[in-house]
Amino acid sequence: MEYQHLVRSNEGSLGILTLNRPQRRNALSLELMLEMIECLDGFGGDPAVRVVIIAAAGKVFSSGHDLSEMVGRTVNDYRRLFDVCTELMEKIQSIPQPVIAQVQGIATAAGCQLVATCDLAIASDEAGFATPGVKIGLFCTTPMVALSRAIGRKRALEMLLTGQIVDPTTAADWGLVNRVVPASELESETRRLACQIADASSFTVGLGKQAWYTQVDLDQAKAYAYAKEVMTMNSLAHDAQEGISAFLEKRAACWTGS
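Definitions and limits used
- Residues numbered from 1 in each chain as written.
- Predicted model: local features only at pLDDT ≥ 70, side-chain atom pairs only at ≥ 80, totals over all residues.
- Heavy atoms only, no water.
- Pairing = 2+ DSSP bridges.
- Helix = DSSP H or I, 4+ residues; strand = E, 2+ residues; numbered from the N terminus.
- Axes fitted to C-alpha atoms, helices over the stretch in contact; angles between N-to-C directions.
- Contact = heavy atoms within 4.5 Å.
- Expected span 1.5 Å × (residues − 1).
- Buried < 20%, exposed > 50% of the residue type's maximum accessible area, 1.4 Å probe, protein only.
- Arc of directions from axis to C-beta.
- Polar contact = N/O pair within 3.5 Å; in protein donor to acceptor, adjacent residues only side chain to side chain.
- Disulfide = S-S within 2.5 Å.

Draft legend 1. Fine view of the sheet that holds strand E3 (residues 51–56). If you walk across this open sheet you meet the six strands as E1-E2-E3-E5-E7-E9, and the pairing is mixed. With partners counted over all chains shown, the strands left at the sheet margins are strand E1 (6–11) and strand E9 (179–181), one partner each. In this sheet, neighbouring strand axes are inclined to one another by 20° on average, regardless of whether the strands run parallel or antiparallel. Bridge count between strand E2 (residues 14–19) and E3: six bridges; the pairing is parallel. Its bridge partner lying in E3, Ile16 is registered against Ile53. Sheet strands in contact with helix H7 (residues 186–198) are E1, E2, E3, strand E5 (99–103), strand E7 (120–124) and E9, and its direction is about 170° off that of E5.

Draft legend 2. Summary view of helix H9 (residues 220–236). Over its 17 residues, H9 extends 25 Å from the first C-alpha to the last, a length consistent with the 24 Å expected when each residue adds 1.5 Å. Residues of H9 that are buried: Ala223, Val230 and Asn234. Angularly, the buried residues of H9 cover 45° about the axis, an arc narrow enough to put them on a single face. Exposed side of H9, more than 90 degrees from the buried face: Ala221, Tyr224, Lys228, Met233 and Leu236 are the residues found there. N-capping of H9 is provided by Asp219, with a side-chain oxygen placed 3.2 Å from the backbone N of Ala221.

Draft legend 3. Fine view of the environment of Leu14. The residue Leu14 is located in strand E2 in this model. The exposure class assigned to Leu14 is buried, which follows from its relative accessible area of 2%. As a C-alpha pair, Leu14 and Ser235 span 221 residues in sequence and 27 Å in three-dimensional space.

Draft legend 4. Geometry of the state of the cysteines. What the rule picks out here adds up to zero disulfides. For Cys39, which is in no disulfide, the shortest distance to another cysteine sulfur is to Cys118 and amounts to 12 Å. Exposure remark for Cys39: the relative accessible area of 0% places this residue in the buried category.

Draft legend 5. Spatial organisation of the sheet that holds strand E4 (residues 60–62). Strands sit in the order E4-E6-E8 across an open sheet of three strands; the sheet is parallel. Looking along the sheet, the strands with just one partner apiece sit at the ends: E4 and strand E8 (128–130). Averaged over neighbouring strand pairs, the angle between their axes works out to 20° when direction is ignored. Examined bridge by bridge, E4 and strand E6 (residues 106–108) share two bridges and lie parallel to one another. The residue of E6 that forms the bridge with Val60 is Ile106.

See below:
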């Protein structure tokens, strides 16, 4: 389909989704979020795509929700907006491919939520992160869900209560992003990480991603009970048997995605 607010492209086994509203600081309008869900659905169902990268055009990664859509609306309008936002965040974590945020600039409010939701994130040394809703009377409650799970309670509350920008080095130290690189190296470093992941069995990676999100909020006993069953079934898979055999035989594995 044709997209108005994003650009979808493929680079070999990588699917690239680029936010393309630079004139609006890549604000997450309702239309943009719906397009992102559609695009992610397409990538998710494409076995040729092994990793998805979310990037952004212009200097700002995303300024969060489009505030022009949040003045004088009805309760159903607001519910629709946040329902779609939640669907987008859940879509990122439910597709089988790992999703990497390539953060070149500021990511605030729902834009920060987007980074926190992605499975992995690489940030430029020109990036910054904030949840400044408290400054305009709109607490970043939905961003809080992803942020608190990424960086923990005290750090998340500090960001939520102050609205202050966190520099990229601190964001990496807190676990909001995986690493920080010079702006000139952001694209190449993101693709290097993506290609490392794409080299593995797509079946195994997809299974592992699903297992990660299922077990992470369980208590330890339930997590182990679940994980041992997943690993048992994983062991029976063709790619696991092929990978083990290839290791023992000192040869390259030939993945089938099954």
